[in-house]
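So you can see what is in the structure, the chains are spelled out below.
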Amino acid sequence: MKQGLLSVIIPVYNAEPYLAKCIDSVLSQDAPLEVLLIDDGSTDGSANVCKRYAERDTRIRYFRKENGGVSSARNVGLDNALGEFVTFVDSDDQVISGSYQTMLNEFADSATDLVCCGIVRQNEQGQIVDRYGILPGRAAMTPIEAMSSCLASDGPVGFTVYAKIFRTSLFSGTTPIRFPEGRLMEEAYILPHIFIRCRNIIHIGEPGYVYALRSDSYTTKPLSEECYAIYDTAKRYEAELPSLFPRFDMRFLFRWRVESCTNIYRTALKQQNVIDPKVFERIRREFSRIFRKGLFASSISLRTKLLMVDTVSRFFLLRQNTKQHVRRGGAR
């Protein structure tokens, strides 16, 4: 392990159109770093881009593997990282100039194990859509506060491993931490276990990472069985969080579950004509399970409750319109 070095792990899969901008944004950082390009079996020209950069910059190491998903690619990066610190970047995103050094400066305190920054979301035209995880200034937090922030809709610490720099030692030890392969929301699996290993967690307050919104990304596609990962995470956390964080306020988890189920169901109602009926029914059932309890829970905000009621109204209106359409069709 090289003291002071930052290992930047970039999983790559068919990212040729935007990979160069991503790599350039990392290489331009005024921080001591190495870049690990993990080619997850790309079938486009991504391999050529990676090799070209690796040949001309000694800070870059290129790895080629069979396609296994982003978790397996990140794990290859962790197994080969040489730095005292490690971070992750998605191959279509970018890092804001100077942010890595700003974040690394926080590790001057030897008790700091994790540093976070805010995120700017940008569309394909390069326009800023929104910002999140931004604070008025630098903030220190405990592991419990970081976990609670992940579950809060306006929390500055999200379920991501990008926009964060970790001490690499957090992933090692007698029980190494690795990303679960073949699962969605893989970050949600590891972050609680990372947090409990942290002594100090710092948020620099300002944005340091640019997240690219793509028309073909998971977050913009019609809902599928992939969204079940949120329900599975909520169920797993119900058992896991009290044991990991004995004083954890489980109302944070309940609010996150209510807000997630409501938002997914609202999206499903808009997409009802294009998503699988079985998927729609599962989403509807998950919302129904939390509706009554959420509506009368003091921990749920008035805004969320109004959104829940509006969601139910939309469902009945949609069903009524569907029945009228069927009747008109039958009359013909």
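The preceding data block contains the structure.
Residues numbered from 1 in each chain as written. Predicted model: local features only at pLDDT ≥ 70, side-chain atom pairs only at ≥ 80, totals over all residues. Heavy atoms only, no water.

We now examine the nonpolar core. Counting 40 residues, the largest nonpolar core has Phe-88, Met-147, Leu-151, Phe-159, Phe-166, Phe-171 and Phe-195 as its most contacted members. Secondary structure elements with two or more residues in this core: β2 (33-39), α3 (70-80), β4 (83-88), β6 (112-122), α5 (143-151), α6 (186-195), α7 (228-244) and α8 (251-270). Apart from the residues within four sequence positions on either side, Phe-88 is in contact with Ile-9, Arg-74, Leu-78, Val-161, Tyr-162, Ala-163, Phe-166, Phe-171, Phe-179 and Tyr-209. In terms of nonpolar packing, the next biggest core, distinct from the first, is built from 36 residues, Val-12, Ile-23, Ala-31 and Val-95 among them. (Core = buried A, V, L, I, M, F, W, Y, C linked by side-chain atoms within 4.5 Å. Buried < 20%, exposed > 50% of the residue type's maximum accessible area, 1.4 Å probe, protein only. Helix = DSSP H or I, 4+ residues; strand = E, 2+ residues; numbered from the N terminus. Contact = heavy atoms within 4.5 Å.)

To continue, consider the packing of aromatic side chains. The tally for this structure, following the rule as stated, stands at 17 aromatic pairs. Considering the side-chain rings of Tyr-265 and Phe-315, the 6.3 Å spacing of their centres and the 40° angle between planes classify their relative orientation as tilted. Of this pair, Tyr-265 sits in helix α8 while Phe-315 sits in helix α10 (residues 302-331); the two residues are 50 residues apart in sequence, bridging distant segments of the chain. Tyr-265 gets classed as buried once you look at its relative accessible area, which sits at 3%. When the ring of Phe-287 is compared with that of Phe-291, the centres are 5.6 Å apart and the planes differ by 45°; the resulting orientation is tilted. With Phe-287 and Phe-291 both in helix α9 (residues 277-295) and four residues apart, the pair spans about one turn of that helix. The exposure class of Phe-291 is partly exposed, given its relative accessible area of 21%. (Phe/Tyr/Trp six-rings, centres within 6.5 Å; stacked < 30°, edge-to-face > 60°.)

The subject of this paragraph is the pairing of strand β9 (residues 164-167). A regular strand places its side chains on the two faces of the sheet in alternate fashion. Both faces of β9 are covered, namely the face carrying Lys-164 and Phe-166 and the face carrying Ile-165 and Arg-167. The pairing of β4 with β9 spans three bridges and is classified as antiparallel. What sits directly across from Phe-85, in β9, is Arg-167. Across three bridges, β6 lies against β9 in antiparallel orientation. Bridged to Cys-116 within β9 is Lys-164. (Pairing = 2+ DSSP bridges.)

Here the focus is the pattern of salt bridges. Any two side chains of opposite charge can pair, given that their charged atoms come close. A complete count under the given rule lists 21 salt bridges for this structure. A salt bridge links Asp-113 to Arg-167; the nearest nitrogen and oxygen atoms lie 3.3 Å apart. Pair noted here: Asp-113 is in strand β6 and Arg-167 is in strand β9, with a separation of 54 residues, a long-range link. We note that Asp-113, like Arg-167, is buried. Here Glu-281 ties to Arg-284 by a salt bridge, and the two come within 2.6 Å at their closest N and O atoms. Highlighted residues: Glu-281 and Arg-284, both in helix α9, separated by three residues, approximately one helical turn. Residues joined by salt bridges that share partners form a network here, namely Arg-74, Asp-90, Glu-186 and Glu-187. (Salt bridge = Lys/Arg side-chain N within 4 Å of Asp/Glu carboxyl O.)

Turning our attention to the side chain of Lys-65. Relative to the helices and strands, Lys-65 is located in the loop between β3 (60-64) and α3. At 2.5 Å, the side chain of Lys-65 forms a polar contact with the side chain of Asp-40. When residues no more than four places from it in sequence are discounted, the contact partners of Lys-65 are Ile-38, Asp-39, Asp-40, Gly-41, Ser-72, Ala-73 and Val-76. (Polar contact = N/O pair within 3.5 Å; in protein donor to acceptor, adjacent residues only side chain to side chain.)

Purely spatial values, then, with no claim about function.
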